[in-house]
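Observations on the model geometry
Given next are the chains, with one letter for each unit.
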Amino acid sequence: MELWERETELRALAAAWAEARDGAGRVALVSGEAGIGKSALIERFAQGLPGAPRVLWGVCDALFTPRPFGPLHDVAAQLDGPLAALLDTDGDRTAIFTATLGALHARPIVLVFEDAHWADEATLDLLKYLGRRIQRTRALLILTYRDDELGPKHPLRTLLGDMATSSAIRRLTLKPLTVDAVRALIGPRVVNADVLHRQTGGNPFFLTEVLSNPGGVISPTARDAVLSRVARLSPPGRNILRTVAVVGPRIEAWALSEIAGPDARAVDECLAVGMLVAQSEALTFRHELARQAVLETVPPQQILALHRRALAVLQSVPNTREDWTRIAHHAEGADDRAAILAAAPPAARLAASAGAHRAAVAWYERAIQAAEGLPATERAGLIEAHAWECNFIGQHALAAAGRREAAALWRDAGVPRKQGENLAHLALTLASEQMSEAWQACRDAVAVLEEAGPGVELALAYRVQAMLHLFNHDYAEAIAVAEHAVALAEPCGDARVLAMALDTLGTGRLYIDYEQGRATLERCLIVAREAKLEPRVATVYANLGSTAAELFRLDEAERYLSTGYAYTTARDLDAIRTYILGWQATVHLLRGRWDAAEGAAREALNHALVSAANSIPARLALGRLRARRGDPEAAATLADANTLAQRSGDFQNVGPAAAVQAEAAWLAGDLAGVLSQTQAAYQLALGKRHPWIAGELLFWLRRAGEVIDTPDWIAEPFARHIAGDWHVAAKAWESLGCPFEQARALSDGDTPAQLEALAIFERLGVRIQVEALRERLRTAGIAAPRGPRAATRENPFGLTMRQMEILHLLGEGLSNGEIAARLHLSPKTVDHHVSAVFAKLDVHSREEAAARIQSLRH
């Protein structure tokens, strides 16, 4: 069959394959509407590859709840090695990911995943994993998908967003055929090309189906054309198509023979007319649109009967009787309650272990619906498992409702430990946005479990209680309760609860005794690594980094956050990664790396997995940056952040939000706004004795004219500035590496200090501060030198601001890869910047460049 108007796309695929074959792996994203010819394009490309390289095919099936790693099962059947065994034995997903990547390293290879818009979560996670590592292989990964079926919240959008900035990506969007191509397709038929083009929209599948009718009779729709072809088959042939439409979308030949009986002999007839095609040992429709057209004609009772027959066949064969996803699918179609209860829970557990949490939720929902009349404890077990999975997909309201119901069922069944455990998990679920309700659930859990006696459930409840104290910066209470949690968890041998308790205990101790807290968290890392609790390891890095940043231990903060960013990126722990990005944005902002701050904040906020609570640091950093730059979007950004902070009710969010809002009000000349933002929050900060948050809030209160004594525990830079000792304050900020705050202190000094502040503000691009300081100098009769224009602002070495950032990081001994991670740039971009720095400095090594930056510092 001739392929029309696809020469450009074939050349693009050939170029991507040439790059991949030479050692720079590529991902080709081939998109277009249903029937546009995505599969035909890939098949033609594969047929024309020189040297006959290995081409592996996997297809995502159009099932309501697809099997985890569905297309990877297809690929594994075409490969030698451990992958098939790992999939068949429900192997660890990390091992599955590693084995798949290993297959791509083995030789030049083309890997095709078709219909990615139907991909299950586990497959999407695998594709994200491969996409981030593809450039180190000799593989071309081709994904096809329908771009017109991707709504704003479609899971594939997250993957596409993650890949958006990768230099390995090649995008091919297939367009409808032109009228000229339609005319060529029509050939000698007496058909008006313009009319047919309007009728079909230039869709190749629709065109071929409409033109397939004999005698030149043109069907009005593609559906009618498909059904016209079906009508020409024998009755057994039509029955085969109906069976495959219902039982499919793909079915093994042996299974079809068992289900269809004598009619199975008509398979060859369906293959001959092109309605079905053979794929390895399975049969499928040539196009999903054709299957849907046939499926719509099957009466409900026949659908029910076919699902029952398929269920019986799969249950009777050893190789498929534990294929829980398929059995559960047909059990639901057969309306067989007992079979649903037998198959849906293991199907859910299989999906969860593969990371396909949406599928797990769906299967647990079906099991719960079928569980009416079962003993309360059995229903409670299903409900709490469903609630656990709901948290992974952000369905926190459903998770909370499930925990409440499970707790009530366990209470009525007289099992207090399970009741208390579910109440503790309820508190965890509510903690991000409903703090008062979380506290009530936690108090209920502790009361129930203390009466039940020591155990891992009580350790969990104490840990949750300590966490809630920590969120509100009640350090002493958090530490005391967390110590109880650790003492209870250790003898129970539950590494997960012990690591949770150590994490909370260590983070609380950081505020009281930093080194003791760090030692506790180092022990937590050991426990978590030994138990392979990767999300807990990531959380510890996030807590170390964010707390160090909050306490202005910025060098340590950068180190921990960079480690955490690399750790979460390597393991695709994106929910924690977005929180780390928010704090990296905060540190970048403090360090004067404002472009990097904006990049990190945007990366966090643009990610589909960022939760409301985890987005607050990024929103505050971006809002503060916009306020300093005079960006009109600052008010909206800060309003969103403040709303989320107030909703959380935690001091860890409320305090910083008030400080940032106060600065924005000050920059806008709104003294009343400064007071309204800070007064209540400052009283909270006094109670918490937080030296940095209280110090900043007091600083803004004093700026707004409030006469308030300065506590002796306020952080030194704020305390000295408030006391009028601008010189010491500026030196303190300089030693911390905070240029904006340094310039703010200098601007309150003498004329030389103000001129130095002006130079810093101009380098940072702070228009509001520059204009205000210039006006003050003019009023004093001092002519301030004009700074360089923003577009060409350079430092003493003639470097741009970005190149100066690179130079400073070279001076810290960072590699290009580490610089790329720190500044959220691609490694190739950093390579270009480093080359430019070397050229402008006329140096030939990193050591020489580092020496130049040291000369500037001294």
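Residues numbered from 1 in each chain as written. Predicted model: local features only at pLDDT ≥ 70, side-chain atom pairs only at ≥ 80, totals over all residues. Heavy atoms only, no water.

In this section: the overall build of the protein. Secondary structure summary: the protein contains 45 helices and eight strands in total. Its C-alpha atoms give the protein a radius of gyration of 32 Å, within 12% of the compact-globule value 29 Å for 858 residues. A principal-axis box enclosing the C-alpha atoms of the protein has dimensions of 95 × 70 × 45 Å. Relative to its 858 residues, the protein shows a buried fraction of 54%. Total accessible area computed for the protein in this model is approximately 36100 Å², and 53% of it derives from carbon and sulfur atoms. Between the mean site of the 91 positive side-chain charges and the mean site of the 102 negative ones, the protein shows a separation of 3 Å. (Helix = DSSP H or I, 4+ residues; strand = E, 2+ residues; numbered from the N terminus. Rg over C-alpha atoms; globule rule 2.2 N^0.38 Å. Buried < 20%, exposed > 50% of the residue type's maximum accessible area, 1.4 Å probe, protein only. Areas by Shrake-Rupley, 256 points an atom, 1.4 Å probe, with all protein chains shown as cover. Lys, Arg positive; Asp, Glu negative; His and termini not counted. Charge placed at Lys NZ, Arg CZ, Asp CG, Glu CD.)

A word on the sheet that holds strand S8 (residues 282-285). Taken in spatial order, the three strands make up an open sheet running S6-S8-S7, and their pairing is antiparallel. Each end of this open sheet is capped by a strand with a single partner; those strands are strand S6 (250-252) and strand S7 (276-279). Between one strand and the next, the sheet's axes are offset by a mean angle of 30 degrees, whatever the strand orientation. With three bridges connecting them, S6 and S8 associate as antiparallel partners. Directly across from Ile 251, in S8, lies its bridge partner Leu 283. (Pairing = 2+ DSSP bridges. Axes fitted to C-alpha atoms, helices over the stretch in contact; angles between N-to-C directions.)

We now examine the packing of helix H24 (residues 456-471) against helix H26 (residues 495-512). For the pair H24 and H26, the least separation of the axes is 9 Å and the interaxial angle reads 30 degrees. Compared by their axis directions, H24 and H26 come out roughly parallel. Viewed along their axes, H24 and H26 form a crossing whose handedness is left-handed. Counting all contacts with H24, which are made through Val 456, Ala 459, Leu 460, Arg 463, Ala 466, Met 467 and Leu 470, the residues of H26 involved are Val 497, Met 500, Ala 501, Thr 504, Thr 507, Gly 508 and Tyr 511. Taken together, the residues of the contact of H24 with H26 sort by class into ten nonpolar, three polar and one charged. (Parallel < 35°, antiparallel > 145°, perpendicular 65-115°, else oblique. Left-handed = near helix turned anticlockwise from the far one by under 90°. Contact = heavy atoms within 4.5 Å. Nonpolar A, V, L, I, M, F, W, Y, C, P; charged D, E, K, R; others polar.)

What follows covers the pattern of salt bridges. Taken as a whole and judged by the stated rule, the model has 47 salt bridges. Residue Glu 421 is joined to Lys 418 by a salt bridge in which the shortest nitrogen-to-oxygen separation is 3.4 Å. Taken together, the residues span about one helical turn, with Glu 421 and Lys 418 both in helix H22 (residues 416-430) at a distance of three residues. Salt-bridge contacts for Glu 483 lead to Arg 509; the nearest nitrogen and oxygen are separated by 3.0 Å. (Salt bridge = Lys/Arg side-chain N within 4 Å of Asp/Glu carboxyl O.)

This next bit is on the packing of aromatic side chains. The way to describe two aromatic rings as a pair is by their centre distance and the angle between their planes. Under the counting rule described, the total for this entry stands at 16 aromatic pairs. Taking 4.2 Å as the distance between ring centres and 20 degrees as the angle between the ring planes, the aromatic pair formed by Phe 552 and Trp 692 counts as stacked. In this pair, Phe 552 sits in the loop between helix H28 (534-550) and helix H29 (554-570) while Trp 692 sits in helix H36 (residues 691-703), placing the two residues 140 residues apart along the sequence. Given the relative accessible area of 14%, Phe 552 is considered buried. Overall, Trp 692 belongs to the buried group, its relative accessible area being 14%. Judged by centre distance (6.2 Å) and plane angle (70 degrees), the ring pair of Trp 692 and Phe 718 falls under edge-to-face. With Trp 692 in helix H36 and Phe 718 in helix H37 (residues 716-722), this residue pair connects regions lying 26 residues apart in the sequence. (Phe/Tyr/Trp six-rings, centres within 6.5 Å; stacked < 30°, edge-to-face > 60°.)

Here helix H41 (residues 767-779) spans 18 Å end to end across 13 residues, near enough to the 18 Å set by a 1.5 Å rise per residue. Taken residue by residue, H41 has Gln 769, Val 770, Leu 773, Arg 774 and Leu 777 as its buried positions. Buried residues in H41, looked at end-on, bunch into an arc of 125 degrees, giving them a common side. Contacts made by the buried residues of H41 are with helix H34 (651-667), helix H39 (739-746) and helix H40 (751-764). Of the residues trailing H41, Gly 781 is marked for its positive phi of about 80 degrees. (Expected span 1.5 Å × (residues − 1). Arc of directions from axis to C-beta.)

Okay, the packing of H26 against H28 next. Interhelical geometry of H26 versus H28 gives an angle of 10 degrees and a closest axis separation of 10 Å. With respect to H28, the element H26 is oriented roughly parallel. Facing Ala 499, Met 500, Asp 503, Thr 507, Leu 510 and Tyr 511 of H26, the residues of H28 in contact are Arg 536, Thr 539, Val 540, Asn 543, Leu 544, Thr 547 and Glu 550. Its residues assigned to classes, the contact of H26 with H28 comprises six nonpolar, four polar and three charged.

We now examine the environment of Ala 181. For Ala 181, the position within the fold is in helix H8 (residues 179-186). Between the alpha carbons of Ala 181 and His 833 there is a distance of 47 Å; along the sequence they are 652 residues apart. Sequence-distant contacts of Ala 181, defined by excluding residues within four places in its chain, comprise Trp 4 and Glu 5.

The five strands are arranged S2-S3-S4-S1-S5 in an open sheet whose pairing can be described as parallel. The sheet terminates laterally at strand S2 (54-59) and strand S5 (169-173), the two strands that pair on one side only. Geometrically, the sheet is characterised by an average inter-axis angle of 15 degrees between neighbouring strands, direction not taken into account. Inspection of the sheet shows S2 paired to strand S3 (residues 109-114) by six bridges, in the parallel sense. When the bridges of S3 are listed, Val 55 appears paired with Val 110. Seen against the sheet, helix H2 (residues 38-47) touches strand S1 (26-31), S2, S3 and strand S4 (139-145) and runs at an angle of roughly 160 degrees to S4.

The next thing to look at is the confidence of the model for the protein. Looking at the protein as a whole, the pLDDT averages 89, with 95% of positions reaching at least 70. Contacts for the low-pLDDT stretch residues 789-794, under 50 throughout, to residues beyond four places or in other chains number nine contacts. (pLDDT = per-residue confidence, 0-100.)

Going from Gly 248 to Pro 249, the amide bond is cis rather than trans, its omega being 15 degrees. Along the polypeptide, Pro 249 turns up in the loop between helix H12 (235-247) and S6. Within the chain, Glu 5 stands out as a residue other than glycine whose phi angle is a positive 55 degrees. By the element assignment, Glu 5 lies in the segment before helix H1 (7-21).

What follows covers the side chain of His 307. Checked against the element boundaries, His 307 lands in helix H16 (residues 300-316). His 307 has contacts with Val 246, His 329, His 330, Gly 333 and Ala 334, leaving out every residue within four places of it along the chain.

Membership of the largest hydrophobic core comes to 132 residues, with the highest contact counts inside it found for Val 464, Leu 468, Phe 552, Trp 692, Leu 697, Trp 733 and Phe 761. In this structure Val 464 touches Ala 424, Ala 427, Leu 428 and Cys 442, once residues within four positions along its chain are discounted. Within the second largest apolar cluster, 68 residues are counted, among which are Leu 29, Trp 118, Tyr 129 and Leu 314. (Core = buried A, V, L, I, M, F, W, Y, C linked by side-chain atoms within 4.5 Å.)

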